[in-house]
Amino acid sequence: MTPFSVPRRAVLGGLVGAVAAPAILRAQSLATSSTPFTLGVASGDPSPDGFVIWTRLAPDPLSLHSGMPMRVQPVAWEVAEDEGFSHVVARGEAPARPELGHSVHVELTGLQPGRPYWYRFTALGAQSATGRGRTMPPAGAKLDRVRFIAAGCQNYEDGLYTAYRKIAEEPDIDFLWHYGDYIYEGTGMGPPHLSHGALPVRRHWADEPYSLDDYRARYAQYRLDPDLQAAHAAHPWWVTWDDHEIDNNWASRYDQDGTPPDVFDLRRQAAAQAYYENMPLRMRSFPHGTAIQVFREAAYGDLLDAWFLDTRQFRDDQPCGDNFKPVCADALRPDRTIMGAAEEAWLFDGLSKGRARWNFIGNQVMMMPLDRRRAGGAEPIWNMDSWAGYPAARRRLLDHLRDGRIRNVVVVTGDEHQNYAGELRDGGDSGQVLATEFVATSISSGGDGEDLRPDNVAILADNPHCRFINSQRGYMVHEVSRDAWRADFRVLDQIRKPGGQLATRKSFTVEPGAPGLHLA
Ligand SMILES: [Fe+2]
């Protein structure tokens, strides 16, 4: 027992739940660690003069309170210009509060723009791992290149985080944008969610989360993964959430089980707090009841304006009974919204005023209108949880791009657990190309996958605006320069066993002034 450990609480038996955890994980949890820094470190939400540094004290991560006594614990932090900390440029102390799961969020200021810094924490006689953050370039500065990663959808049960190990090794990355599904609330999804009748590779430790402590434990289990920790330590992250941070396909105050909104709000409040506690977010994203500020913007010099959306918190409920359905009248209502009025006005206004060469819209669910009917199907099938269930909202955005002559817009999306490259056209699947969309696959959700799923042959044939589909796991690297936006689809041959091999499956470029896809 270390000085900061506490006796294990009876609740751990409940946390383990009905599923049999792999022996290695059970052993990991049953021994209280000699360090409170078991969940790693992270940086995020950079600015030209700083960024957030994050950690969370958890000597016994999966037990109640993660093994921390219920009092404020001071945590020292330091930031250096070099990995060896011979030139420390800032240091201080921050309280890890029991109200916030003993998480620490420090908003650094006064740093130099456009360069890396290294950071670490000390508490309870132990030192954390070292993380590498990066400040943004000066506002408006002439910039030749931005390189970023798009990643997300990391169901712990479906596979290993090999993709995160590869992400940690990607050179010259300005930031990682996480499109959501950082945790999954479901347990034991298995087939048909996993292909080929596969069983989960590893198990969630508990049943579905509802309370704050449930969600804290779920984040702790995910954050114990060393590959995920390496990706956090290597790059600054801009995080956004999608549905599984709370519940599958939630929409504002509605879940898919008909739970009364006042009751579902309690779950949203717990999940929102746990999300804030476990992410490198600024105070502007501090939870207030169920609300948390997830949509926000970032300017990388004169080259790239980024608009990170929140398409969950303010959307209308899914129409036509949700899921993959033929279109019904409710979907076509002209007042339907997927962002809500305030976020939509923020995006439209920002796009109109923006002066950067490129606009990057970080978006959760597919925007291009994809007809998902199977071969021989008689009528179009839409995914009502995507923008297809909100066609009026998509029409308003595309009208805004066309009428405002806003040309250099690239939408990057998650959610699908497949890679797609497509074009957002004025007439749906035909007409003037107004923007380009890349859908990034998943880190692990869905298991190994395959290159071209049989059902995608018909989808490619039925959707001329969709140029590429792949169903393997991985992430995307986007390299943005003055004369091209290059998008690389990185895929792994397998993730259910260690040693997955990474390859660039496909690359496209987009030219400024001419939205649409070119094979690289
Ligand atoms: Fe997902």
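Residues numbered from 1 in each chain as written. Predicted model: local features only at pLDDT ≥ 70, side-chain atom pairs only at ≥ 80, totals over all residues. Heavy atoms only, no water.

> Any chance you could explain the overall build of the protein chain here in plain terms?
A count of helical and extended segments in the protein chain gives nine helices and 24 strands. Its C-alpha atoms give the protein chain a radius of gyration of 22 Å, within 12% of the compact-globule value 24 Å for 520 residues. If one aligns the C-alpha atoms of the protein chain with their principal axes, the spans along those axes are about 65 × 50 × 45 Å. Burial status across the protein chain gives 61% buried among its 520 residues. Partitioning the contacts of the protein chain with sequence separation of at least 6, the portion at a separation of at least 24 is 70%. Carbon and sulfur atoms make up 52% of the accessible area of the protein chain, which totals about 18,700 Å². (Helix = DSSP H or I, 4+ residues; strand = E, 2+ residues; numbered from the N terminus. Rg over C-alpha atoms; globule rule 2.2 N^0.38 Å. Buried < 20%, exposed > 50% of the residue type's maximum accessible area, 1.4 Å probe, protein only. Contact = heavy atoms within 4.5 Å. Areas by Shrake-Rupley, 256 points an atom, 1.4 Å probe, with all protein chains shown as cover.)

> I'm lost on the state of the cysteines in this one. Help?
Think of a disulfide as a covalent bridge from one cysteine sulfur atom to another cysteine sulfur atom. The final tally for this structure, using the stated rule, is one disulfide. Here Cys320 connects covalently by a disulfide to Cys328, the sulfurs 2.1 Å from one another. Where Cys320 bonds to Cys328 through sulfur, the torsion about that S-S bond is close to -90°, and the disulfide is left-handed. (Disulfide = S-S within 2.5 Å.)

> Looking at this structure, how should I read the coordination of the iron ion?
Expected angles at a metal are 109.5 degrees for tetrahedral coordination by four donors and either 90 or 180 degrees for octahedral coordination by six donors. For the iron ion, every protein donor is listed as Cys153 (SG), Asp181 (OD), Tyr184 (OH) and His417 (NE2), and the spread of their distances is 2.0 to 2.5 Å. Viewed at the metal, the four donor atoms of the iron ion are separated by angles of 91 to 165°, and the geometry they form is irregular. In the primary structure, the donors to the iron ion are separated according to the pattern C-x27-D-x2-Y-x232-H. You can see Cys153 sitting in the loop between β9 (145-151) and α3 (162-168) and its partner His417 sitting in the loop between β17 (409-413) and β18 (419-425), a full 264 residues away along the chain. Pair check on accessibility: Cys153 and His417 agree, each one buried. (Donors = N, O, S within 2.8 Å, 3.2 Å for Na, K, Ca; no water. Tetrahedral: all angles 85-135°; square planar, octahedral: opposite > 155°, others 65-115°.)

> Where do I start with the packing of helix α4 (residues 212-223) against helix α6 (residues 261-278) in this structure?
Packed helices, taken two at a time, are described by the angle between their axes plus the distance between the axes. For the pair α4 and α6, interaxial distance at closest approach is 8 Å and the crossing angle is 35°. Considering only the axes of α4 and α6, their crossing is right-handed. Contacts between α4 and α6 pair Leu212, Tyr215, Arg216, Tyr219 and Arg223 from the former with Arg267, Ala270, Ala271, Gln273, Ala274, Tyr275, Glu277 and Asn278 from the latter. Looking at the contact of α4 with α6 residue by residue, the class counts come to seven nonpolar, two polar and four charged. (Axes fitted to C-alpha atoms, helices over the stretch in contact; angles between N-to-C directions. Left-handed = near helix turned anticlockwise from the far one by under 90°. Nonpolar A, V, L, I, M, F, W, Y, C, P; charged D, E, K, R; others polar.)

> Would you mind showing me how to read α6 here?
The α-helix advances 3.6 residues per turn, and as a result positions three or four apart in sequence lie on the same side. For α6, which comprises 18 residues, the first-to-last C-alpha distance of 25 Å matches the rise-based estimate of 26 Å (1.5 Å per residue) to within 8%. Residues Phe264, Asp265, Arg267, Arg268, Ala270, Ala271, Ala272, Ala274, Tyr275, Tyr276, Glu277 and Asn278 constitute the buried set of α6. Those residues of α6 that are buried are in contact with β2 (50-56), β5 (103-107), α4 and β11 (236-239). (Expected span 1.5 Å × (residues − 1).)

> I tried to follow the nonpolar core on my own but got confused; where do I start?
Soluble globular proteins tend to bury their nonpolar side chains together. If you look at the biggest cluster of nonpolar residues, it comprises 71 residues, and the most contacted ones within it are Phe175, Leu304, Phe360, Phe438 and Trp485. Beyond its immediate sequence surroundings of up to four residues, Phe175 is in contact with Val146, Arg147, Phe148, Ile149, Pro236, Trp238, Tyr300, Leu304, Phe308 and Phe360. If you look at the next biggest cluster of nonpolar residues, it comprises 32 residues, including Ile361, Ala393, Leu398 and Leu424. (Core = buried A, V, L, I, M, F, W, Y, C linked by side-chain atoms within 4.5 Å.)

> So what exactly am I meant to see when it comes to the side chain of Ser128 here?
Here Ser128 is to be found in the loop between β7 (126-127) and β8 (131-134). Accessibility expressed as a relative area gives 8% for Ser128, which makes it buried. Once you skip the residues sitting within four places of it in the chain, Ser128 turns out to touch Phe37, Val41, Arg120 and Phe121.

> So what exactly am I meant to see when it comes to the pairing of strand β22 (residues 485-492) here?
Working note: regular strand, side chains alternate between the two faces of the sheet. Within β22, seven of the eight residues are buried, which leaves it mostly tucked inside the rest of the structure. Pairing of strand β21 (residues 466-481) with β22, which is carried by eight bridges, proceeds in the antiparallel orientation. Directly across from Val477, in β22, lies its bridge partner Asp488. The sheet contact formed by β22 and strand β23 (residues 502-511) spans eight bridges and is antiparallel. (Pairing = 2+ DSSP bridges.)

> Looking at this structure, I do not really get the pattern of salt bridges. What am I missing?
Where side chains of opposite charge bring their charged atoms close, a pairing between them can arise. Tallying each qualifying case throughout the model produces 41 salt bridges. Notably, a salt bridge pairs Arg315 with Asp385, separated by 3.0 Å at the nearest N-O pair. Of this pair, Arg315 sits in the loop between β13 (304-308) and β14 (324-325) while Asp385 sits in the loop between β16 (382-383) and α8 (391-403), placing them 70 residues apart in sequence. Of the residues examined, Arg315 reaches a relative accessible area of 1% and is grouped as buried. Each of Arg145, Arg147, Glu170, Asp172, Glu479, Arg486, Asp488 and Arg490 takes part in salt bridges that share partners, so that together they form one network. (Salt bridge = Lys/Arg side-chain N within 4 Å of Asp/Glu carboxyl O.)

> Can you help me understand the packing of helix α7 (residues 341-353) against α8 in this one?
Closest axis-to-axis distance for the α7/α8 pair is 10 Å, and the angle between their directions is 15°. What the angle tells us is that α7 and α8 run roughly parallel. Considering only the axes of α7 and α8, their crossing is right-handed. Only Arg396, Leu397, His400 and Leu401 of α8 make contact with α7, whose side of the interface consists of Glu344, Leu347, Phe348, Leu351 and Ser352. Partitioning the contact of α7 with α8 into residue classes produces five nonpolar, two polar and two charged. (Parallel < 35°, antiparallel > 145°, perpendicular 65-115°, else oblique.)

> Is there a simple way to explain the side chain of Asp305 in this structure?
Relative to the helices and strands, Asp305 is located in strand β13. Despite its burial, Asp305 pairs with no opposite charge; the closest candidate is Arg355, at 8.8 Å N-O. Apart from the residues within four sequence positions on either side, Asp305 is in contact with Ala298, Ala299, Gly354, Arg355, Ala356, Trp358, Asn359 and Phe360. (Lys, Arg positive; Asp, Glu negative; His and termini not counted.)

> Help me understand the packing of aromatic side chains in this model?
In this description, a pair of aromatic rings is defined by centroid distance and the angle of the planes. The tally for this structure, following the rule as stated, stands at 33 aromatic pairs. Ring geometry for Trp177 against Phe308: centres 6.5 Å apart, planes inclined by 25°, an arrangement best described as stacked. Residue Trp177 is located in strand β10 (residues 175-178), and its partner Phe308 is located in strand β13; the two are separated by 131 residues in the primary sequence. The same class applies to Trp177 as to Phe308, namely buried. Taking 6.4 Å as the distance between ring centres and 40° as the angle between the ring planes, the aromatic pair formed by Phe438 and Phe508 counts as tilted. Highlighted residues: Phe438 in strand β19 (residues 433-439) and Phe508 in strand β23, separated in sequence by 70 residues. Like Phe438, the residue Phe508 is buried in the burial classification. (Phe/Tyr/Trp six-rings, centres within 6.5 Å; stacked < 30°, edge-to-face > 60°.)

> I would appreciate a short explanation of α4 in the present structure.
Between its first and last C-alpha atoms α4 spans 16 Å; for 12 residues at 1.5 Å apiece the expected length is 16 Å, and the two agree. Of all the residues in α4, the buried ones are Tyr215, Arg216, Ala217, Arg218, Tyr219, Ala220, Gln221, Tyr222 and Arg223.

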